[in-house]
Amino acid sequence: MWFLGWKGPSGFSASSTADQVTQGIDGTGLTAIVTGASSGLGLETTRVIALRGVHVVMAVRNVNNGMNIRETILKEIPAAKIDVMELDLSSMASVRKFAADFNSSGLPLNILINNAGLMATPFMLSQDNIELQFATNHLGHFLLTNLLLETMKKTVRECSREGRIVIVSSEAHRFAYSEGIRFDKINNESVYSSYSAYGQSKLANILHADELARRLKEEGVQITVNSLHPGTIITNILRYHGYFNAVANMVGKYFLKNVQQGAATQCYVALHPQVKGISGEYFVDSNKGSPTSLAKDKELAQKLWELSVSLSNTK
């Protein structure tokens, strides 16, 4: 059982659940995309924001599995509005197809929750020949966000309601490579560390959120961008590390968050009125947190943006 119940300024704590942080919030009329929505934090986020009336588009690799999850949620919440669309973040072609299909659907987009991720994989390359964790956790989401941004801006103009982009990072950003982002060694297998590479991708998530927040503020666009640490949670993200996964499952119920608690911060940042107008922040336990100095490095953020534009062939 998670026992850290000290409440922060928001009135919530590490033990707060996604249900609790969204209690009483009416999301009717909002549309959200949730990546990695068929398991773990993404599934719970989908369930909870659908419960609050949000129309949720589940962006998943396995559509059949996603449809089964959808049916399960509908049994619990018959009035839920949920669609399922295919998205493989490790493939830029898949990201482009998803974005094109969504943008042509006529649906609005109020909230984008970049939740999907891989953790500490053995060295592998994506379909686009980019180190898999960097490609999936950062670059795929970077491209997806850029391709959906005009639809979000159009939605904001038409409904006069703030848009929100929520990027799930991790405290693991503190354990990235010493220089933060290895710009010239992303694909260098000889110096690859699975955990440092994961930390690098999570640092990239924060830098992406901060730089995009800065750019949107300069444009005067009413879309906020924030990153967050969900907490240490038992999910299938450790599937590449059988021993650690087994230990986590044995002792986790005493020391780690459950999925309901883990999904709380992203649901809070996506829906809670306390977060209105707040952008470029890093949240922990449904309260503002403090990332590392590298995560606040504006030059590093701009350099990462330039690399991401180059690798994804986007603006």
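Being a predicted model, the structure only gives us computed values, none of them experimental.

Draft legend 1. Molecular detail of empty space enclosed by the protein. With the rule as written, the count across this model stands at one cavity of 30 Å³ or more. Reported here for the largest cavity is a volume of approximately 40 Å³. Looking at the largest cavity, the residues that line it are E131, Y177, R182, K185, I186, N188, V191, Y192, A197 and Q200. Classifying every residue of the lining of the largest cavity by side-chain character gives five nonpolar, two polar and three charged.

Draft legend 2. Examining the pairing of strand β4 (residues 111-114) more closely. Here β4 shows a buried face lined by I111 and I113 and a second buried face lined by L112 and N114. Pairing analysis gives three bridges linking strand β1 (residues 31-35) to β4, with the strands arranged parallel. Residue A32 lies in a different strand from β4, and its bridge partner there is I111. In this region the chain leaves β4, passes through helix α5 (residues 132-159) and returns to the parallel neighbour strand β5 (residues 163-168); the handedness of that crossover is right-handed.

Draft legend 3. Main features of the packing of helix α6 (residues 194-219) against helix α10 (residues 298-312). With their axes 9 Å apart at the nearest point, α6 and α10 run at an angle of 95° to one another. With respect to α10, the element α6 is oriented roughly perpendicular. Here L203, A204, L207, H208, E211, L212, R214 and R215 of α6 come into contact with α10, specifically with L300, A301, Q302, L304 and W305. Here the residues of the contact of α6 with α10 are counted per class, giving eight nonpolar, two polar and three charged.

Draft legend 4. Summary view of the environment of S160. Positionally, S160 belongs in the loop between α5 and β5. Sequence separation between S160 and Q222 is 62 residues, and the spatial gap between their C-alpha atoms is 8.6 Å.

The rules behind these values
- Residues numbered from 1 in each chain as written.
- Predicted model: local features only at pLDDT ≥ 70, side-chain atom pairs only at ≥ 80, totals over all residues.
- Heavy atoms only, no water.
- 1 Å grid on protein atoms, 1.4 Å probe; cavity = no way out; pocket = protein on both sides within 12 Å on 5 of 7 lines; lining within 4 Å.
- Points joined across faces, edges and corners; volume = space filled by probe spheres on them.
- Nonpolar A, V, L, I, M, F, W, Y, C, P; charged D, E, K, R; others polar.
- Buried < 20%, exposed > 50% of the residue type's maximum accessible area, 1.4 Å probe, protein only.
- Helix = DSSP H or I, 4+ residues; strand = E, 2+ residues; numbered from the N terminus.
- Pairing = 2+ DSSP bridges.
- Right-handed = clockwise from strand over helix to strand, strands pointing away.
- Axes fitted to C-alpha atoms, helices over the stretch in contact; angles between N-to-C directions.
- Parallel < 35°, antiparallel > 145°, perpendicular 65-115°, else oblique.
- Contact = heavy atoms within 4.5 Å.

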